[in-house]
Amino acid sequence: MSDFIYLASQSPRRRQLLEQLGIRYELLLPDPGEDTETIEQVMGSEAPARYVQRVTGLKLDAALARLKQRGLPPAPVLCSDTTVALGRTIYGKPQDERDAARMLRELSGHTHRVLTAVALGVGRRRLQALSESRVTFTPLSRADIQAYVASGEPMGKAGAYAIQGRAAAWISHISGSYSGIMGLPMHETAQLLRQAGRAAT
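Note that this is a predicted model, so its numbers are computed, not measured.

Asker: An account of the nonpolar core is requested, with residue identities and associated values reported.
Answerer: The biggest cluster of nonpolar side chains holds 42 residues, and the ones touching the most others in it are Leu78, Leu104, Leu120, Phe137 and Tyr161. The leading source of residues in this core is helix α3 (residues 97–107), at five residues. Here phenylalanine 137 is in contact with Leu104, Leu107, Ser108, Gly109, His110, His112, Tyr161, Trp170 and Ile171, once residues within four sequence places are set aside. With eleven residues, the next largest nonpolar core counts Leu28, Ala75, Val77 and Ala119 among its residues.

Set out below in structure tokens:
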């Protein structure tokens, strides 16, 4: 049995969180021509929890196919996806600065949910977990939003913000998993790894 797992994620935050758990990993990243954007498209009036679990499952399918295609040694494969939701509205990664500003305006002064799904492929088994947290933003001024968007931090982040970055100044309350809001809920991930015989150290 291998003593490492594959992490199929380009997120440096997920790498950092796995390292915090003491888990050895190898990156299993998409090929340059691989279509990763289509996977994240919302289907109709899909509920946020269903959406994030479906996307994570598709990411795992793609990663397992990649593993087989590359002829790499077998090991568990970990995938994760995070989305922000206000009511049933899903906020993924902003397409551009204007889109990031729109998201922040809509989240301003409200409590939203952050849903992170985790999936682990172990041989023929698939293990899954879902973390749901709530984040309350204080009202943001137009100047706050413009300055934050100009910093570049919102790009590539679900909901156009990073809780571990400058946006922390506007978060008055959180309930749930801080690491889940960052992108990899450590409690749920550790449980899945334990089920797979990879206890975190």
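Asker: Give a description of helix α6 (residues 186–195) that names residues and reports values.
Answerer: Each α-helix turn comprises 3.6 residues. Residues three or four places apart therefore point the same way. For α6, the set of buried residues is Met186, Glu188, Thr189, Ala190, Leu192 and Leu193. Turning to α6, the residues buried within the fold contact β1 (5–7), α1 (12–21), β3 (77–86), β5 (111–122), β6 (125–137) and α5 (178–182). Count one or two residues on from α6 and you reach glycine 197, which has phi positive near 80°.

Asker: Outline the pattern of salt bridges, supporting the account with residue identities and numerical values.
Answerer: Summed over all chains, the structure comprises eleven salt bridges. Between arginine 126 and aspartate 61 there is a salt bridge; the shortest N-O distance is 2.8 Å. With arginine 126 in strand β6 and aspartate 61 in helix α2 (residues 48–70), this pair connects stretches of sequence that are 65 residues apart. Here aspartate 61 falls in the partly exposed class, since its relative accessible area comes to 37%. Here arginine 113 and glutamate 132 are joined by a salt bridge, their closest N and O atoms 3.7 Å apart.

Asker: Before we move on, could you go through the packing of α1 against α6 and cite the residues and values that matter?
Answerer: Contact geometry of α1 with α6 gives a least axis separation of 11 Å together with a crossing angle of 60°. In this structure, α1 meets α6 at a crossing whose hand is right-handed. Contact residues: α1 offers Leu17, Leu18, Gln20 and Leu21, while α6 offers Met186, Thr189 and Ala190. By residue class, the composition of the contact of α1 with α6 is five nonpolar, two polar and no charged.

Asker: Describe unusual backbone geometry, and please don't skip the residues or the numbers.
Answerer: Most peptide bonds take the trans configuration, and most residues that are not glycine carry a negative phi. The phi angle at alanine 160 is positive, at roughly 65°, despite the residue not being glycine. Structurally, alanine 160 is set in the loop between α4 (142–151) and β7 (171–175). When its relative accessible area of 0% is taken as the criterion, alanine 160 is described as buried.

Asker: Please provide a residue-by-residue account of the packing of aromatic side chains, values included.
Answerer: A full pass over the atoms with the stated rule returns three aromatic pairs. Taking 5.1 Å as the distance between ring centres and 85° as the angle between the ring planes, the aromatic pair formed by phenylalanine 4 and tyrosine 6 counts as edge-to-face. Exposure remark for tyrosine 6: the relative accessible area of 4% places this residue in the buried category. Relative to tryptophan 170, the ring of tyrosine 148 has its centre 5.1 Å away and its plane inclined at 85°; by these criteria the two rings are edge-to-face. You can see tyrosine 148 sitting in helix α4 and its partner tryptophan 170 sitting in the loop between α4 and β7, a full 22 residues away along the chain. Across this residue pair, the class does not change: tyrosine 148 and tryptophan 170 are buried.

About the cut-offs
Residues numbered from 1 in each chain as written. Predicted model: local features only at pLDDT ≥ 70, side-chain atom pairs only at ≥ 80, totals over all residues. Heavy atoms only, no water. Core = buried A, V, L, I, M, F, W, Y, C linked by side-chain atoms within 4.5 Å. Buried < 20%, exposed > 50% of the residue type's maximum accessible area, 1.4 Å probe, protein only. Helix = DSSP H or I, 4+ residues; strand = E, 2+ residues; numbered from the N terminus. Contact = heavy atoms within 4.5 Å. Salt bridge = Lys/Arg side-chain N within 4 Å of Asp/Glu carboxyl O. Axes fitted to C-alpha atoms, helices over the stretch in contact; angles between N-to-C directions. Left-handed = near helix turned anticlockwise from the far one by under 90°. Nonpolar A, V, L, I, M, F, W, Y, C, P; charged D, E, K, R; others polar. Phe/Tyr/Trp six-rings, centres within 6.5 Å; stacked < 30°, edge-to-face > 60°.

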